[in-house]
Amino acid sequence: WMMKRRWRFPYRIGSERKGLVPQSFIFKLLAVPLDLASIVIGALGKKVVDEVWDGGRKLIGRYYETAAPKAIETAEQRGADFLNRLAAKVDRLAEQLKYDHEVINLAMAEPGFGAMLNRALLSSAETASETGHSVLANLVAERINANEDTTKSSALALAVDVSARLSTSHFTALACHAIKRFGAPHYSPAPQSEPEFLQICRERVIELINPFEEVFITESDMRYLIATSTGVHNSVRFGEQFVSKWTFGERKLSLKQFQEFVPIPDLKTQWNHRLWFFEPTAVGDLIGLSVLEATGTRGVDLSVWS
């Protein structure tokens with residue numbers, strides 16, 4: 001019965017209320033029996049994109065109906081890139097978490113998920129950033145496994161709304177904090193001495209930060225992140241002596257040591273000037289983790305957020 005029902009949600013362009021948009025394309029994404037989903041998604045997500053693109057293209061067309069033809073064409077290309085990345089992410093999650101028919105259909109039955117997918121598709125059309133498209137895809141896919149009306153589902157929805165309006169420097173700042181907060185090594189094998197502990201930490205910091213570009217994070221960048229509710233100003237963080245969770249037994253990693261391990265010179269010099277005065281919110285943490293996941297980081301993804 002779900003496949004036949006047409007959900008409709010309102011959306012706005014500026015302050016003018018527009019007509020209701022058919023949501024049939026949303027149900028074509030994942031709202032199928034598991035055996036069929038496995039075939040569709042297993043084929044590199046191509047069939048998923050084919051299924052949703054017709055409705056998604058109409059949605060973009062209606063949203064940008066007063067824009068120039070070239071702008072509409074660009075928006076459609078960006079939306080298609082997002083959907084391809086979403087299909088690939090769903091493919092990986094379905095394999096990792098062994099999604100069954102019930103899990104998928106419960107997510108698709110939620111109006112909140114459908115609205116989030118709509119906003120992510122429209123948001124992807126606003127940005128040319130491939131990282132932005134990957135971040136949006138990761139957030140939407142993670143929502144499938146999050147219960148409705150929880151802090152995580154609400155934070156994921158807010159993260160989708162913000163992500164398309166962030167630049168490379170914003171993504172980098174949030175990812176750096178996600179590394180500090182969630183990226184500690186597993187210490188296997190266990191370090192037997194202080195030098196071994198520090199070497200493990202050094203290798204982990206380099207592994208996590210190396211994929212990022214040389215980027216200068218300005219004071220305006222940090223103020224902008226605060227304005228988007230992805231973080232708050234917190235001068236107390238600068239005075240902390242050790243990095244939380246980067247510990248093993250009695251051994252602890254100091255902020256100074258963490259900073260010295262950072263392999264990108266611009267970022268290394270900015271830890272004490274700006275990054276340590278900034279504390280991400282729940283939304284900022286999710287975006288930072290999604291950025292790390294987009295880089296293919298080992299052992300850090302959205303599943304660690306709680």
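Residues numbered from 1 in each chain as written. Predicted model: local features only at pLDDT ≥ 70, side-chain atom pairs only at ≥ 80, totals over all residues. Heavy atoms only, no water.

Q: What's the story with the overall build of the chain in this structure? I'm lost.
A: When its secondary structure is counted, the chain shows 14 helices and 8 strands. Within the chain, buried positions represent 48% of all 306 residues. A separation of at least 24 residues holds for 75% of the contacts in the chain among residues at least 6 apart in sequence. Accessible surface, the chain as shown: approximately 14,700 Å² in total, 53% of it carbon and sulfur. (Helix = DSSP H or I, 4+ residues; strand = E, 2+ residues; numbered from the N terminus. Buried < 20%, exposed > 50% of the residue type's maximum accessible area, 1.4 Å probe, protein only. Contact = heavy atoms within 4.5 Å. Areas by Shrake-Rupley, 256 points an atom, 1.4 Å probe, with all protein chains shown as cover.)

Q: Hey, could you run me through the pairing of strand β6 (residues 242–248) in this one?
A: The side chains of a regular strand alternate between the sheet's two faces. As defined by bridge partners, β6 adjoins strand β7 (residues 251–254) across 3 bridges and the pair is classed as antiparallel. Each residue of the ladder has a partner; that of Phe242, found in β7, is Ser254. In this antiparallel pair of consecutive strands, β6 and β7, the connection spans 2 residues, and Gly249 shows a positive phi of 65 degrees. (Pairing = 2+ DSSP bridges.)

Q: Can you walk me through the nonpolar core in this structure?
A: Soluble globular proteins tend to bury their nonpolar side chains together. By size, the foremost hydrophobic cluster in this structure holds 75 residues, and its most contacted members are Phe82, Leu86, Leu139, Val140, Trp246, Phe258 and Ile287. Examining the composition of this core, we find that 8 residues originate from one element, helix α9 (residues 168–182), more than from any other. Contacts of Phe258, omitting those with residues within four sequence positions, involve Ile179, Lys180, Val205, Val243, Trp246, Leu253, Trp271 and Trp276. (Core = buried A, V, L, I, M, F, W, Y, C linked by side-chain atoms within 4.5 Å.)

Q: How do you make sense of the packing of helix α7 (residues 130–143) against helix α8 (residues 151–163) when you look at a structure like this?
A: Each pair of packed helices gets described by two things: the angle between the helix axes and the distance between those axes. Contact geometry for α7 and α8: axes closest at 10 Å, N-to-C directions at 160 degrees. The pairing of α7 with α8 is recorded here as roughly antiparallel in orientation. As α7 packs across α8, the resulting crossing turns out to be left-handed. In contact with Val135, Leu136, Leu139, Val140, Glu142 and Arg143 of α7, α8 contributes Lys152, Ser153, Leu156, Ala159, Val160 and Ser163. Partitioning the contact of α7 with α8 into residue classes produces 7 nonpolar, 2 polar and 3 charged. (Axes fitted to C-alpha atoms, helices over the stretch in contact; angles between N-to-C directions. Parallel < 35°, antiparallel > 145°, perpendicular 65-115°, else oblique. Left-handed = near helix turned anticlockwise from the far one by under 90°. Nonpolar A, V, L, I, M, F, W, Y, C, P; charged D, E, K, R; others polar.)

Q: Just checking my understanding: could you explain the packing of aromatic side chains for this structure?
A: When we look at a pair of aromatic rings, we describe it by the centre distance and by the angle of the planes. Scanning the entire structure with this criterion turns up 4 aromatic pairs. Ring plane angle 70 degrees and centroid distance 5.2 Å describe the contact between Tyr63 and Tyr64, whose orientation is recorded as edge-to-face. Take Tyr63: its relative accessible area is 22%, and that puts it in the partly exposed class. With a relative accessible area of 17%, Tyr64 lands in the buried category. Ring centres of Trp246 and Phe258 lie 5.4 Å apart, and the angle between their planes is 90 degrees; on these two criteria the pair is classed as edge-to-face. In this pair, Trp246 is assigned in strand β6 and Phe258 in helix α12 (residues 255–261), connecting sequence segments 12 residues apart. Phe258 carries the same exposure label as Trp246, and that label is buried. Among the aromatic side chains, those forming a connected cluster through ring pairs are Tyr187, Phe197 and Phe248. (Phe/Tyr/Trp six-rings, centres within 6.5 Å; stacked < 30°, edge-to-face > 60°.)

Q: Please explain α8 as it appears in this structure.
A: Owing to its 3.6 residues per turn, the α-helix aligns residues three or four sequence positions apart on the same side. Spanning 13 residues, α8 covers 18 Å between terminal C-alpha atoms, matching the ideal 18 Å at 1.5 Å per step. Along α8, the positions that sit buried rather than exposed are Lys152, Ser153, Ala155, Leu156, Ala157, Ala159, Val160, Val162 and Ser163. At its buried positions, α8 is contacted by α6 (111–126), α7, α9 and α14 (282–294). (Expected span 1.5 Å × (residues − 1).)

Q: Hey, could you run me through the side chain of Ser153 in this one?
A: When you line up the elements, Ser153 lands in helix α8. You can call Ser153 buried: its relative accessible area is 6%. Sequence-distant contacts of Ser153, that is, excluding residues within four places in its chain, are made with Arg143, Ala146, Asn147 and Glu148.

Q: Explanation requested: the packing of α9 against α14 in the structure shown.
A: Where α9 meets α14, the closest approach of the two axes is 7 Å, and the angle between their N-to-C directions is 95 degrees. On the basis of the axis angle, α9 is roughly perpendicular to α14. Where α9 approaches α14, its residues Phe171, Leu174, Ala175, Ala178, Ile179, Arg181 and Phe182 are matched on the opposing element by Gly284, Asp285, Ile287, Gly288, Leu289, Val291 and Leu292. Of the residues belonging to the contact of α9 with α14, the class tally is 10 nonpolar, 2 polar and 2 charged.

Q: In this structure, what is going on with unusual backbone geometry? I would like to understand it.
A: Where the residue is not glycine, phi is negative for most of them; where a peptide bond is considered, it is trans in most cases. Here Asp149, not a glycine, exhibits a phi torsion of approximately 60 degrees, which is positive. A positive phi angle, near 65 degrees, is found at Ser229, a position not held by glycine. Positionally, Ser229 belongs in the loop between α11 (219–227) and β5 (231–233). Taking relative accessible area as the criterion, Ser229 reaches 48% and is therefore assigned partly exposed.

Q: Any chance you could explain the pattern of salt bridges here in plain terms?
A: Evaluation of the coordinates by the stated rule reveals 12 salt bridges. Arg85 is paired through a salt bridge with Asp81; the nearest N and O atoms lie 2.8 Å apart. Here Arg85 and its partner Asp81 are both found in helix α4 (residues 69–97), 4 residues apart, which amounts to about one turn of the helix. Relative accessible area serves as the criterion here: at 25%, Arg85 is assigned to the partly exposed category. Relative accessible area serves as the criterion here: at 23%, Asp81 is assigned to the partly exposed category. Of the charged contacts in the structure, one is a salt bridge between Arg274 and Glu219, with a shortest N-O distance of 3.7 Å. (Salt bridge = Lys/Arg side-chain N within 4 Å of Asp/Glu carboxyl O.)

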